[in-house]
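An overview of the molecular structure
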Amino acid sequence: DQQVKQNSPSLSVQEGRISILNCDYTNSMFDYFLWYKKYPAEGPTFLISISSIKDKNEDGRFTVFLNKSAKHLSLHIVPSQPGDSAVYFCAAVRVTGNQFYFGTGTSLTVIP
Amino acid sequence: DARVTQTPRHKVTEMGQEVTMRCQPILGHNTVFWYRQTMMQGLELLAYFRNRAPLDDSGMPKDRFSAEMPDATLATLKIQPSEPRDSAVYFCASALRVVNQPQHFGDGTRLSIL
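Reading guide: rules and limits
- Each chain has its residues counted from 1, following the order in which its sequence is written.
- A letter from A marks each chain and a number from 1 marks each ligand, given out in the order of writing.
- In view of the model being predicted, local features appear only for residues whose pLDDT reaches at least 70, and side-chain atom pairs are presented and counted only at 80 or more, with totals across whole chains, interfaces and linings using the full set of residues.
- Processing note: side-chain calculations cover all non-hydrogen atoms of the structure and skip hydrogens and water entirely.
- Criterion for a disulfide: a pair of cysteine sulfur atoms at a distance within 2.5 Å.
- Under the scheme used here, helices are H or I runs from DSSP no shorter than 4 residues and strands are E runs no shorter than 2 residues, and both carry numbers assigned from the N terminus.
- By the convention used here, residues are in contact when the closest approach between their heavy atoms is within 4.5 Å.
- Note on pairing: DSSP must find at least two bridges between two strands before they are called paired.
- Centres within 6.5 Å make a pair out of two Phe, Tyr or Trp rings, where for Trp the six-membered ring is used; the pair is then stacked when the planes are under 30 degrees apart, edge-to-face when over 60, and tilted otherwise.
- The buried label applies to any residue whose accessible area, calculated with a 1.4 Å probe on protein chains only, is under 20% of its type's maximum; exposed applies above 50%, and partly exposed to all values in between.

Residues and elements named next belong to chain A. Enumeration over the complete set of coordinates arrives at two disulfides over all chains. Across the disulfide from Cys-23 sits Cys-90; the S-S distance is 1.9 Å. On the sign convention where negative is left-handed, the bridge of Cys-23 and Cys-90, at about 60° about the S-S bond, is right-handed. Of the two residues, Cys-23 sits in strand E3 (residues 19-25) while Cys-90 sits in strand E9 (residues 86-94), which places them 67 residues apart along the sequence.

Pasting the structure below:
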């Protein structure tokens, strides 16, 4: 049973525009959420996180929004750059029980 | 810049052979994770260790997979006997804690079982 879902396997965006990557989860008890970026032939790298007590966290061009009532989070990249082309994974963590789950990833292509 | 090191980067072998994948976590990280990436399942957690002790290996097929940490600088994932369905990219990650800290991933071992 997928506790974290990324329903869009791929996304294409023009350079300079906003990229919005989405993630849905099923367990309201998750404590925080993370986004990882993965380039081909490399391991995922941590990008940004958000605690469940917040609804927004921003780091430069990257902003993560959390909507707890909808059990939905999104990653916004503004402006998108060709170097952002990668697979993005969202992950959810529940501290109690050391539980964490990854989504299946969304492949972002930023077109120059 | 500290990195998680995985060896080998690529492995091709025949069905039935033993496969050993190695991981050197970042110095000072006491938590080590093994993942398998497939097209359909994304990142599957196979097992993880804290302070070299296995905490959870429920994601791992026990009949053929085994994971160990002989010491704090080495984690191993073994498959014996290997099968074609084991073909995937296997990632190791380390962190300061099991949760509340981002995981740092190695670049993976791409395994092909013929």
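Turning to the environment of B:Leu77, a few remarks are in order. All names here are of chain B. Note that Leu-77 resides in strand E8 (residues 74-79). As a C-alpha pair, Leu-77 and Cys-92 span 15 residues in sequence and 9.3 Å in three-dimensional space. With residues near it in sequence (within four places) discarded, Leu-77 still touches Val-19, Thr-20, Met-21, Trp-34, Leu-46, Met-60, Phe-65, Ser-66, Ala-67 and Tyr-90.

Here we come to the sheet that holds strand E8 (residues 72-77) of chain A. With antiparallel pairing, the five strands of this open sheet are ordered in space as E1-E3-E8-E7-E6 (chain A). Looking at which strands have only one partner, the edges of the open sheet turn out to be strand E1 (4-5) and strand E6 (56-59) of chain A.

Right, let's talk about the packing of aromatic side chains for a bit. Residues and elements named next belong to chain B. Enumeration according to the criterion identifies 15 aromatic pairs over all chains in this entry. Ring geometry for Phe-33 and Tyr-48: centres 5.5 Å apart, planes at 35°, overall tilted. Of the two residues, Phe-33 sits in strand E4 (residues 31-38) while Tyr-48 sits in strand E5 (residues 42-50), which places them 15 residues apart along the sequence. For the residue pair Phe-33 and Tyr-48, the accessibility class agrees, reading buried in each case.

What follows is about unusual backbone geometry. The peptide bond linking B:Thr7 to B:Pro8 adopts the cis configuration, its omega dihedral lying at -10°. The residue B:Pro8 is located in the loop between strand E1 (5-7) and strand E2 (10-13) in this model. Along the chain, B:Gln80 connects to B:Pro81 via a cis peptide bond; the corresponding omega equals -5°. In this fold, B:Pro81 is placed in the loop between E8 and strand E9 (88-95). Notably, A:Ala41 is not glycine yet its phi reads approximately 65°, a positive angle. Take A:Ala41: it is sitting in the loop between strand E4 (32-38) and strand E5 (45-51). Positive phi outside glycine occurs at B:Arg52, with the angle close to 75°. Overall, B:Arg52 belongs to the partly exposed group, its relative accessible area being 41%.

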